[in-house]
Amino acid sequence: MDIQQAFGLSKEFLELSAENFTKEQVQKLWELVAFHSELYYRHENPIISDSEYDVLFKKLEVWEKLYKTDIHISSSVGSNIEQSSFQKVAHSRAMISLDNTYNEEDLHDFDTRLSRILGESSELSYMIEFKFDGLGIELIYEEGILVQAITRWNGILGEDVTQNIMQISNIPKTIDKKWRFEVRWEVVMPLSSFHRLNEYAKQHWQKIFSNPRNAASGSLRVLDTSITKQRDLMYFAYDVSDTSEFFGWTYKDMIEYLASLWFDISSYFTYCENISEVISSIEKIGNIKQQIDFEIDGLVIKLNDMSLWSEAWFTQHHPRYAIAYKFPAEIVTTNLLSVEHSIGRTGSITPVANLEPVCIWGAMIRRATLHNYDEVAKLWVRVGDSVFLKRAWEVIPKIISVAVAGIWDDIVPPKYCPSCHTQILKDTDKVRYYCPNSYGCPAQMHEKIAFAVWKHWFDIDGFWEKQAQLFYTLWFIEHIGDIFRLKYHKKTILQLDWFKEKSVENLLTWIEKKRTLDIVTFLKALWIPWVGKKTAKTLSVLFHSKDDICYQLLPPKDVIEQLPDIGPEVADWLRNFFMTQEQEIRDVLSELTLIFPEKKITQWKYSGKKICITGSFEWFSRDQLIEILESQGWNFTSSVSKNTDYLLAGEKAGSKLKKATELGVQVLDLEGFLIKS
Ligand SMILES: [Zn+2]
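Residues numbered from 1 in each chain as written. Predicted model: local features only at pLDDT ≥ 70, side-chain atom pairs only at ≥ 80, totals over all residues.

Draft legend 1. How the structure looks around the sheet that holds strand β22 (residues 635-636). What the four strands build is an open sheet, ordered β22-β21-β23-β24; its pairing is parallel. Whereas interior strands pair on both sides, the edge strands pair on one side only; in this sheet they are β22 and β24 (666-668). Pairing between strand β21 (residues 610-614) and β22: two bridges, direction parallel. From the neighbouring strand, Lys610 faces β22, where its bridge partner is Asn635. The sheet strands contacting helix α25 (residues 655-663) are β21, β23 (646-649) and β24, and the helix crosses β23 at an angle near 145°. (Pairing = 2+ DSSP bridges. Helix = DSSP H or I, 4+ residues; strand = E, 2+ residues; numbered from the N terminus. Contact = placed C-beta atoms within 7 Å. Axes fitted to C-alpha atoms, helices over the stretch in contact; angles between N-to-C directions.)

Draft legend 2. Broad picture of the sheet that holds strand β7 (residues 181-188). With antiparallel pairing, four strands are arranged side by side in an open sheet as β5-β4-β7-β8. Sheet topology places β5 (145-151) and β8 (234-240) at the edges, where each strand pairs with a single neighbour. Across this sheet, the average inter-strand angle for adjacent strands is 30°, counted without regard to direction. Here β7 runs beside β8; their pairing, made up of six bridges, is antiparallel. Residue Val188 lies in a different strand from β8, and its bridge partner there is Met234.

Draft legend 3. Broad picture of unusual backbone geometry. One non-glycine residue, Glu143, lies in the positive phi region at around 50°. Overall, the presence of 12 C-beta atoms within 10 Å leaves Glu143 in the exposed class. For His371, which is not a glycine, the phi torsion comes out positive at approximately 70°. Its location among the elements puts His371 in the loop between β14 (363-369) and α13 (373-379). (Buried ≥ 20, exposed ≤ 12 C-beta atoms within 10 Å, placed from the backbone.)

Draft legend 4. Structural context of the nonpolar core. Counting residues in hydrophobic clusters, the biggest one holds 55 residues, and the most contacted among them are Trp185, Val187 and Ile301. The next biggest cluster of nonpolar side chains, apart from the first, holds 36 residues, and it includes Cys417, Cys435, Ala468 and Ile585. (Core = buried A, V, L, I, M, F, W, Y, C linked by C-beta atoms within 7 Å.)

Draft legend 5. View of helix α22 (residues 568-580). Relative to the 18 Å expected for 13 residues at 1.5 Å per residue, α22 spans 18 Å between its end C-alpha atoms, a close match to the ideal helical length. Residues of α22 that are buried include every one of Val570, Ala571 and Leu574, and no others. Mapping the buried residues of α22 onto a view down its axis gives an arc of 105°, with all of them on the same face. Seen from the open side of α22, the exposed residues pointing more than 90 degrees away from its buried face are Pro568 and Met579. Looking at the buried residues of α22, the elements they touch are α19 (533-539) and α21 (557-561). (Expected span 1.5 Å × (residues − 1). Arc of directions from axis to C-beta.)

Structure follows, in structure tokens:
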């Protein structure tokens, strides 16, 4: 079986329902599950998600029972893996995995079953702890000295990883205990370290780990122990091999005892009087999960009275005194069918993956963003690949890594805009590709208008994205300013089926109300790349009237850069934007009333510089120019003296120009002045 066949077959088995299952398929499924465990345990390179593996394994267990196969092959899965570079050591007590549950009902069943087996009439109390997504390890101490560390491996035999374990910084190498003591740990990699490791791997074209456990396992089960030392691994002690020593103890006391021996234990242990308390605690766990720096894929529920553990004992596969409650799967695999290059409202192009529909957290996912082309290259993802897809809580679905490489069809940015065919440009030093045709690109205009009406700018009640799209298609709104001219199309709009007179009336009234807005909101609404609300607020000090905007009366780039949090890119974009989009901006401004904050003299380069004006100017009156000068911090003087810094000279300049030349005062024409300011 090759990897691609295995992936396809897994998808078939995942879909297959019990009634379509035949006895012959048990063997096939067994081979498949064995194939996956091989990839998983030996290579740290799974091609399906843990939850998908769990489902396949569960199906195997159920169908074995159903067809009463002579040997339960599911129990031997994993034990047939002979090849491992590490020496094998038998566990003194098998490290058996816990049974999984996914809902309240299963938990009640678990409790009822236990009560029956134990013959208990009173309620059973439990401890809840995190189920860390890590690697099970057993540590053996003799006469207080750490002598051996073995992995869980197949539960019966483990791999000797003593040298590697010694590299984990906070492990106790000695403990205060005279006799042989075997303690069990979960070795984990914090999420922050996991993300750092993968980020580094992407930059250096190394292997990307699909989850923190694979990363932990891959960091620990290596022959070169210096790798283990570099990786940021942690552990939590949670159990002992020989529980007879703790007969009569509660699990809670045992954990506290482990802590007293200086073992690290999890910060989360909750005592529950009964199963109902367990269930209500589970409901509260969502918030905690978001705050911890570890991946947990569920919770472990254990009987608190350890004396009952030996009575409850084991099923064929699992201990009966404990159970794992698994959270809904966050990671699944699916196929990447094609990629669209989507144009946003600032012209940025985002690759969006079309996926074979797949269900996560109860939602059918068909598309996922690939963020940018740099990310695509780092992930090595191509059309035709099978990918791991993650969706956690409310987060939008994200492709984490490639599961199986498919046909090699690279994902590259298009040369020309798919919407307006303008040549695509790339930001220098940025990963952004964009269509520069800001106001002529249908895709961008479409997005801009939708965005403008939808909350962010005008917040026009009753005007939704769908309507904006419709008006755009009907040519009513082609430019932002057209929103305010929509009233001229009232008659036609009323003829459209889905508009009632009242709603149209309301819409137009709202639009009228929104003609007045403040400069910050306006700047933000211009969709200048990199300019959000905060930046818009900072930049707003540069403008004091509509004319400043209409005539691009901006200070020079280096002055803009002096504003807090404004980098050279924003300064560039701002100037560039005003230069190229002048017409569009003037058009929308002609419909609007802008509110400016009270004038404040901003401290910039020209603050206090003395300037005098002479002659006449084509575009501005003398008073307008004085207003502009003063708003930009210049100190206007009516006559030229040796203290004057500049003279702004227009047409027909006379005596003042002569005097300035004699005194050596620098003379600017209007063009020179505009460049300067
Ligand atoms: Zn375009």
